[in-house]
Amino acid sequence: MHEYFVTQQLVKIAEDELKDVSFKRVTRIKVVVGELSGIIDESLKFYFDILTKGTILEGAELKIITKKALLYCQKCGEYFERTKDFTCPKCLSLGKLTEHGKEFYIESIEVDD
Ligand SMILES: [Zn+2]
C-alpha cells in the first residue's frame, strides 16, 4: 500500500518538473530505490501501471535502480555491503546500518520532443 502513495508522489513530481517543458511524451522515468526503503519493486510497477493512466507518465517505462544497503563499521571505519549478517569483512566487528539503502528519489525523466 505504501507504493500507492509513493507512485502518486512520482506523478506529482514529474508533473511539476515538466510543467515548463515542451514534449510529446515521457518515455522513461528512472527511480532509485534503496533496498531498505520498504518499497517493493513489483508493487511499485503494479501501481505505476494503474496510477499513471491519464497522466503525463502514461506509457512511460519505469526503470528501477536498486541501491544496496551499506553498513558502517565504527571500529575500523569501513563501509560494506550486508552479506549474511552485519559482520565487517575487515575486522569482523559488527557494523551498523547507515542511510545508504534507504534512498528513494527520481534520478531522471526522459521525454520525446
Ligand atoms: Zn571493521
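The present account deals with the structure reproduced in this document. Note on numbering: residues in each chain are counted from 1, in written sequence order. For this predicted model, a pLDDT threshold of at least 70 governs which residues receive local features, and a threshold of 80 or more governs which side-chain atom pairs are given and counted, while totals over whole chains, interfaces and linings are taken from all residues. To obtain the side-chain values, all non-hydrogen atoms of the structure were used and water was disregarded.

1. Observations regarding unusual backbone geometry
Test applied: Secondary structure is summarised from DSSP: a helix means a run of H or I of at least four residues, a strand means a run of E of at least two, and numbering begins at the N terminus for each.
Even without glycine at this site, leucine 92 takes up a positive phi of about 65°. Within the secondary structure, leucine 92 is located in the loop between β4 (79-81) and β5 (96-97).

2. With respect to the coordination of the zinc ion
Stated formally: Water is not part of the atom set, so a site may look incomplete; the donors themselves are N, O and S atoms within 2.8 Å of the metal, or 3.2 Å for Na, K and Ca. Note on geometry labels: four donors, all angles 85 to 135 degrees, give tetrahedral; four donors become square planar and six octahedral when opposite donors are over 155 degrees apart and every other angle is between 65 and 115; remaining cases are irregular. Relative accessibility thresholds used throughout: buried, under 20% of the residue-type maximum; exposed, over 50%; partly exposed, between the two (1.4 Å probe, protein chains only).
Taken together, the protein donors to the zinc ion comprise Cys73 (SG), Cys76 (SG), Cys88 (SG) and Cys91 (SG), at separations of 2.3 Å. In this structure, the zinc ion is surrounded by 4 donor atoms whose angles at the metal cover 103 to 116°, and the resulting shape is tetrahedral. Mapped onto the sequence, the residues coordinating the zinc ion show the spacing C-x2-C-x11-C-x2-C. Of this pair, cysteine 73 sits in the loop between β3 (70-72) and β4 while cysteine 88 sits in the loop between β4 and β5; the two residues are 15 residues apart in sequence, bridging distant segments of the chain. Each member of the pair, cysteine 73 as well as cysteine 88, carries the same accessibility label: buried.

3. Details of the sheet that holds β4
Where we set the bar: Pairing between two strands requires that DSSP report at least two bridges joining them.
An order of β4-β3-β5 is seen for the 3 strands of this open sheet, with the pairing classed as antiparallel. Every interior strand has two partners, whereas the edge strands, β4 and β5, have only one.

4. Here we look at helix α2 (residues 41-51)
Going by this rule: Read the arc as the range of directions from the helix axis to the C-beta atoms. Residue contacts are counted whenever heavy atoms from the two residues lie within 4.5 Å of one another.
The set of residues buried in α2 consists of Ser43, Leu44, Tyr47, Phe48 and Leu51. All buried residues of α2 fall inside an arc of 135° around its axis, so they share one side. Across α2 from its buried face, at more than 90 degrees, point the exposed residues Glu42 and Asp49. Packing partners of the buried residues in α2 comprise α1 (2-17), β1 (25-34), β2 (61-67) and β6 (104-112).

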